[in-house]
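# Reading the structure
For reference, the chains in residue letters:
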Amino acid sequence: MTSLQNNRSVSWNFATLQFLSFAALSLLGTYGTVYFKRRGISDFQLGILYSVPSIVSIFSPMVWGITSDWLRKRKPVVVIMHLVSALLFPLFWFLNSQSFLLLCIVMGLFSFFFQASIPLIDAWTLDHLSHKGGDYGRIRSWGSVGYMTPLIISMFVFSPSAGGRAEVLLPMFLGVSGFRIIAAAHATFLPDYSLEKREEMEWRVLKIYLRPFALTFFFSVFIRSFVFSPYFAFFNVYLDQLGITDNMKGLPWIVAVGAEVIMIAFSGRLIKRFGTVTAIIIAFIAMAIRFFVLANTPSWGIILAIQLLHAFTFGAYHPAAIQIINEMTPEAFRATGQTLVSMVGGIGGILGNLVGGMWAASHGYMALYKNLGFSVITTTIVLIVAFSIWKE
């Protein structure tokens with residue numbers, strides 16, 4: 001009985017780490033682009049700036065993942081990444097469009113320590129579950145709760161006006177760095193698990209990623225990042241243009257992540273019944289609907305309603321993708337496998353942000369979302385055909 005209680009206590013600690021990491025991510029994701037836009041960054045520059053994390057994510061997750069696998073430890077890597085990113089983030093307060101090159105350099109340094117931390121936490125959580133048992137979806141759902149919590153607080157902290165000065169977003173800086181520091185401290189109390197010992201790094205086993213099914217999966221990862229990167233980059237700027245006040249900009253994401261929490265909580269049973277491929281296809285269909293609705297200047301109520309589709313575009317997709325890469329990857333390379341997904345997504349994010357920035361600058365946000373919608377529809381057809389030919 002004591003052993004069971006200890007396992008539950010450790011699982012709750014991993015859930016807390018997910019909560020803290022996603023709390024920082026939510027503030028950055030919701031208010032970061034609005035902050036940079038108010039610092040004088042143009043749509044085209046914003047696309048370039050947000051391509052930098054994607055460029056960094058091509059190699060940084062793999063560097064951290066390989067380091068973690070080689071050390072056979074997650075804890076020191078996760079702690080370092082959280083602490084350094086917390087110290088780097090305040091530098092953005094002193095930069096604007098007049099120092100755009102320096103802004104991009106700082107973004108690169110920050111992203112190197114920030115981008116891969118959540119994939120590594122996922123790998124660490126899976127280490128725990130493989131040794132002690134449990135439901136990944138339930139632990140990961142607390143990351144979603146962590147994402148929502150600061151946004152609920154922001155409704156009472158930020159200004160009830162739109163298009164204000166960048167300085168009014170100071171609480172974002174306090175929140176991002178604060179949550180990262182607390183997460184680093186909390187991670188020091190979590191157990192590291194001994195990974196499968198090997199005499200040498202048998203990288204040849206990673207040839208499994210060249211199988212047709214694996215290549216199709218990575219194609220879906222690439223396209224999802226291609227369309228979602230500009231979607232995230234410009235969504236809150238779009239809301240600013242529509243006149244949505246600062247304190248309400250987090251509300252669409254509260255709705256979205258609330259739906260996501262419910263989906264992730266049941267994702268284990270649903271994926272077991274319908275399969276991972278079905279979850280990915282449904283997620284892409286939901287993405288297309290989401291983009292086409294945004295392309296038609298929806299009302300505030302409609303914007304909030306379509307955010308419920310996040311239950312599928314993330315809540316169904318993410319656990320399915322985690323399960324696919326986890327099942328096809330040997331245990332000793334699990335962190336490498338998780339970060340490979342981030343690397344492929346990074347390549348998609350580079351192109352998505354650059355192309356999305358050009359679409360937004362040249363044709364506006366409605367055209368941006370319309371083009372993203374057509375990209376997803378085309379991809380969905382390709383995935384249905386490919387997955388029907390190449391099975392797991």
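Further up the page is the structure itself.
To keep things clear, this report deals only with the structure shown in the data block. Positions within a chain are numbered from 1, following the residues in the order the chain's sequence is written. Confidence filtering applies because this is a predicted model: local features only for residues at pLDDT of at least 70, side-chain atom pairs given and counted only at 80 or more, and all residues used for totals across whole chains, interfaces and linings. The side-chain numbers reported here are obtained from all heavy atoms of the structure, hydrogens and water having been left aside.

### Topic: the nonpolar core
Worth spelling out the cut-off: Buried residues of nine kinds, namely Ala, Val, Leu, Ile, Met, Phe, Trp, Tyr and Cys, make up a nonpolar core once their side-chain atoms join them within 4.5 Å. Think of it in three bands: with a 1.4 Å probe and only protein chains considered, a residue is buried below 20% of the maximum accessible area for its type, exposed above 50%, and partly exposed in between. By definition, any uninterrupted DSSP run of H or I lasting at least four residues is a helix, any uninterrupted run of E lasting at least two residues is a strand, and each is numbered from the N terminus.
The biggest cluster of nonpolar side chains holds 121 residues, and the ones touching the most others in it are Phe36, Phe92, Phe217, Phe218, Tyr231, Phe291 and Tyr369. For this core, the leading source of residues is helix 9 (residues 212–241), giving 16 residues.

### Here we look at the packing of aromatic side chains
Centre-to-centre distance and the angle between the planes together describe a pair of aromatic rings. Inclusion rule: Pairing of aromatic rings covers Phe, Tyr and Trp, the last through its six-membered ring, and needs centres within 6.5 Å; plane angles under 30 degrees mean stacked, over 60 mean edge-to-face, and all others mean tilted. Here, a charge over a ring is recorded when the distance from Lys NZ or Arg CZ to the ring centre is within 6 Å and its angle to the ring normal is within 35 degrees.
Applying the stated criterion to the full structure yields 36 aromatic pairs. Ring geometry for Tyr35 against Trp93: centres 6.2 Å apart, planes inclined by 15°, an arrangement best described as stacked. Here Trp93 lies in the loop between helix 4 (75–88) and helix 5 (100–114) and Tyr35 lies in helix 1 (residues 2–38), a separation of 58 residues in the sequence. Classification of Tyr35 as buried rests on a relative accessible area of 0%. Following the ring pairs from residue to residue traces out a cluster consisting of Phe228, Tyr231, Phe232, Phe234, Phe235, Tyr238, Trp253, Phe291, Tyr365 and Tyr369. In this arrangement the basic side chain of Arg39 is found over the ring face of Trp93, its NZ or CZ atom lying 5.5 Å from the centre.

### What about the pattern of salt bridges?
Once their charged atoms are close, side chains differing in charge can pair, the charge on each being opposite to the other. Definition in use: Any Lys or Arg side-chain nitrogen found within 4 Å of a carboxyl oxygen on Asp or Glu counts as a salt bridge.
Within the structure shown, the criterion is met by 7 salt bridges. Between Arg38 and Asp246 there is a salt bridge, and its shortest N-O distance comes to 2.6 Å. Residue Arg38 is located in helix 1, and its partner Asp246 is located in the loop between helix 9 and helix 10 (251–274); the two are separated by 208 residues in the primary sequence. You can call Asp246 buried: its relative accessible area is 1%. The closest approach of N and O atoms between Lys249 and Asp240, which form a salt bridge, is 2.7 Å. Through salt bridges with shared partners, a single ionic network connects Arg38, Asp240, Asp246 and Lys249.

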